[in-house]
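Commentary on secondary and tertiary structure
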Amino acid sequence: MTASGTVHDPAFDPELVDVEMHVVPPTAPVTGVVTANELCLRGKSASFIRHVCIDVGGTPLEGRFRAGQSFGVVPKGVDEHGKPHKVRLYSIASPTRGEDGEGRILSTTCKRLIDEYRPQTERDEDRTGLFHGVCSNQVCDLSPGDEVLVTGPAGKRFVLPAKPENHDYLFLATGTGIAPFRGMILELLEGRSAPCESEIHLVMGAPYTSDLLYHDVFRSLADKHPGFHYHTVISRETMPDGRPQGYIHHYLDRETRLHADLLSRDRTLLYICGLAGMQTGVFQTMARLGVGGAYLKIHEELADVAPADWKAADIKRRVRPTHRCMLEVY
Ligand code: FAD
Ligand code: A2P
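Given the structure is predicted, the values throughout are model-derived calculations rather than measurements.

For the coordinates displayed, the defined rule picks out 0 disulfides. The structure places no disulfide on Cys273, whose sulfur is separated from the nearest cysteine sulfur, that of Cys325, by 12 Å. We classify Cys273 as buried; its relative accessible area is 0%.

In structure tokens:
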């Protein structure tokens, strides 16, 4: 037994599906038409996050994307060098059949990048004022009927396996990282001829209760499907005993059924999506609890280092997800 626990056995790896990628490349985007754009937060929140639906019917993207993949948006206008803006990626929040059931309408969960301006490099001017991200604000401003340039799909591994019922699932999300999981969970539970009867756990991390995304969708899926379990971890709110709820990895540590049972099974797949850096705490916690081995390949230089002492840079270079762990952070 190493710091990571049991060893990865490829016999339990998922059978991968063939996915199509880049059927619409960034050099030749196609035009989608917005069909809906709604706030998807639960009331008053410091964030602005919208569920945006785009009709790609009649373009090469129609019917060619899968839940979990991303698509690209090419923003209008030019950058500070006068060059056309580069494409930005957004996770597809719909199941493979789309929002319409026919693979024509895809959706995403777009967060406006709005912040106090902060210089990012030594060359950047030092000024006060707001910083507005280019693409996220354009996407959030779109109205039904508006046209938008799209590309994709992108992403090969961050999809459901070919035989979903052969596996149980732990989905870990922070913020808009919930987007691909909305699509995947709708697909598992409502997208096929019969609901997938696997055990499925979704853990969603948000700053405040008002920041939970698609909360009503997940609550009603959990009411309807006994195998689906929806957990929330609200970092700036407390538990009934007054202790902070913490981050998703603190929750994973507290919830014995998630680590000692779910993650310890040979059939479980782990998907992680959201804030860059969220994997640090998750990987350290899994290794400390002895359930990392099946999901993580840890370089021998780290094998004798206590997981709590792993640095983010070590994790980036020396901890690689196995085929049982799908990671998408940005
Ligand atoms: P930009 O105009 O590109 O600005 C961002 C840049 O501005 C940063 O790189 C940084 O250098 C700089 N900057 C940031 N903050 C400040 C500041 N305060 N002051 C000064 N400069 C600053 N986003 C979603 O909302 N939903 C999704 O589902 C989603 N999925 C993604 C999936 C993938 C695979 C990837 C890679 C990214 C995903 N993103 C998603 C992020 C998305 O692609 C964009 O990066 C995001 O929307 C910001 O783009 P923007 O054009 O608005 O910002
Ligand atoms: P906090 O902001 O309290 O530090 P959003 O994208 O809507 O801001 O939500 C991201 C959520 O993830 C917040 O609850 C945030 O907590 C939390 N978070 C921030 N950093 C990490 C991290 N390294 N690991 C896990 N969760 C994190």
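Topologically, Asp13 is positioned in the segment before strand 1 (30–39). With 148 residues separating them along the chain, Asp13 and Pro161 place their C-alpha atoms 9.5 Å apart. In contact with Asp13, other than residues within four places in its own chain, are His8, His323 and Arg324. A polar contact of 2.8 Å, which involves the side chain of Asp13, links it to the side chain of His8.

Looking now at the pattern of salt bridges. Throughout the structure, instances matching the rule amount to 19 salt bridges. Between Arg112 and Asp141 there is a salt bridge, with its nearest N and O atoms 2.8 Å apart. In this pair, Arg112 is assigned in the loop between strand 5 (105–111) and strand 6 (114–116) and Asp141 in helix 1 (residues 134–141), connecting sequence segments 29 residues apart. Between Glu255 and Arg257 there is a salt bridge, and its shortest N-O distance comes to 3.3 Å. Note on Arg257: relative accessible area 42%, which makes it partly exposed. Through salt bridges with shared partners, a single ionic network connects Asp168, Glu199, Asp261, Arg265 and Arg267.

Turning our eyes to something else, we now look at the sheet that holds strand 11 (residues 228–234). Pairing is parallel in the open sheet, where 5 strands are placed in the order 11-10-9-12-15. Of all the strands in the sheet, just strand 11 and strand 15 (325–329) have a single pairing partner and so form its edges. Each neighbouring strand pair of the sheet contributes to a mean axis angle of 10°, computed without reference to strand direction. Here strand 10 (residues 200–206) runs beside strand 11; their pairing, made up of 7 bridges, is parallel. Within strand 11, the position partnered with Met204 by the bridge is Thr232. Contacting strand 9 (168–174), strand 10, strand 11 and strand 12 (268–274), helix 2 (residues 179–190) runs over the sheet at an angle of about 155° to strand 9. Its contacts with the sheet put helix 3 (residues 215–224) on strand 10 and strand 11, and the angle it makes with strand 11 is roughly 145°.

Below, the discussion takes up the site of ligand 2. Around ligand 2, the neighbouring residues are Lys111, Thr174, Gly175, Gly205, Ala206, Pro207, Ser235, Arg236, Tyr247, Leu275, Gly277 and Met278. Note that an oxygen atom of ligand 2 is positioned 2.7 Å from one of the side-chain N or O atoms of Ser235. Between an oxygen atom of ligand 2 and a side-chain N or O atom of Arg236, the distance comes to 2.6 Å. Against a free-state accessible area of 560 Å², the protein chains account for coverage of 78% of ligand 2. Grouping the amino acids of the shell around ligand 2 by side-chain chemistry returns 5 nonpolar, 5 polar and 2 charged.

Once that is clear, we can look at the nonpolar core. Judged by nonpolar contacts, the single largest core of 35 residues is most densely connected at Phe171, Phe181, Ile185, Leu202, Phe218, Phe228 and Tyr271. Residue assignment for this core shows that the elements contributing at least two residues are strand 9, helix 2, strand 10, helix 3, strand 11 and strand 12. If you tally residues by element for this core, the top one is helix 2, at 7 residues. With near-sequence residues (within four places) excluded, Phe218 lies in contact with Ile178, Phe181, Arg182, Ile185, Leu202, Leu213, Phe228 and Tyr230. Among the nonpolar cores identified, the runner-up in size contains 27 residues, and Tyr251, Ala287, Tyr295 and Ile298 belong to it.

Our next topic: the sheet that holds strand 1. An order of 4-3-8-1-2-5 is seen for the 6 strands of this open sheet, with the pairing classed as antiparallel. With partners counted over all chains shown, the strands left at the sheet margins are strand 4 (88–91) and strand 5, one partner each. Neighbour-to-neighbour, the strand axes of the sheet open up by a mean angle of 45°, direction not taken into account. Sheet analysis places strand 3 (residues 70–74) next to strand 4, joined by 4 bridges and oriented antiparallel. Note that in strand 4 the partner of Ser70 across the bridge is Ser91.

Reading the values: the criteria
- Throughout this description, residue numbers start from 1 for each chain and increase along the sequence as written.
- To label them, take the chains in the order written and letter them from A, then take the ligands in the order written and number them from 1.
- Reporting of local features is limited, given that this is a predicted model, to residues whose pLDDT is at least 70; pairs of side-chain atoms are given and counted only at 80 or more, and all residues count toward the totals for whole chains, interfaces and linings.
- Side-chain metrics rest on all non-hydrogen atoms present in the structure, leaving aside hydrogens and water.
- Cysteine sulfur atoms are paired as a disulfide whenever they fall within 2.5 Å.
- When a residue's accessible area, from a 1.4 Å probe over protein chains only, is under 20% of the maximum for its type it is buried; when over 50% it is exposed; and in between it is partly exposed.
- Secondary structure is summarised from DSSP: a helix means a run of H or I of at least four residues, a strand means a run of E of at least two, and numbering begins at the N terminus for each.
- Only heavy atoms enter the contact rule, under which two residues are in contact if any of them lie within 4.5 Å.
- Residues adjacent in sequence count toward polar contacts only when both atoms are side-chain atoms; beyond that, a polar contact is any pair of N or O atoms within 3.5 Å, and within protein one must be able to donate a hydrogen and the other to accept it.
- Criterion for a salt bridge: a side-chain nitrogen of Lys or Arg within 4 Å of a carboxyl oxygen of Asp or Glu.
- Paired strands are those between which DSSP finds at least two bridges.
- For helices, the fitted line uses only the C-alpha atoms of the stretch in contact; every axis is such a line through C-alpha atoms, and the angle between N-to-C directions lies from 0 to 180 degrees.
- If even one non-hydrogen atom of a residue comes within 4 Å of a molecule or strand, that residue is called near it.
- The method behind every accessible area is Shrake-Rupley, applied with a 1.4 Å probe, and residues are considered shielded solely by the protein chains displayed.
- For this classification, the nonpolar set comprises Ala, Val, Leu, Ile, Met, Phe, Trp, Tyr, Cys and Pro, the charged set comprises Asp, Glu, Lys and Arg, and every other residue, Gly included, is treated as polar.
- Nonpolar cores are built from buried Ala, Val, Leu, Ile, Met, Phe, Trp, Tyr and Cys residues. Side-chain atoms within 4.5 Å join them into one set.

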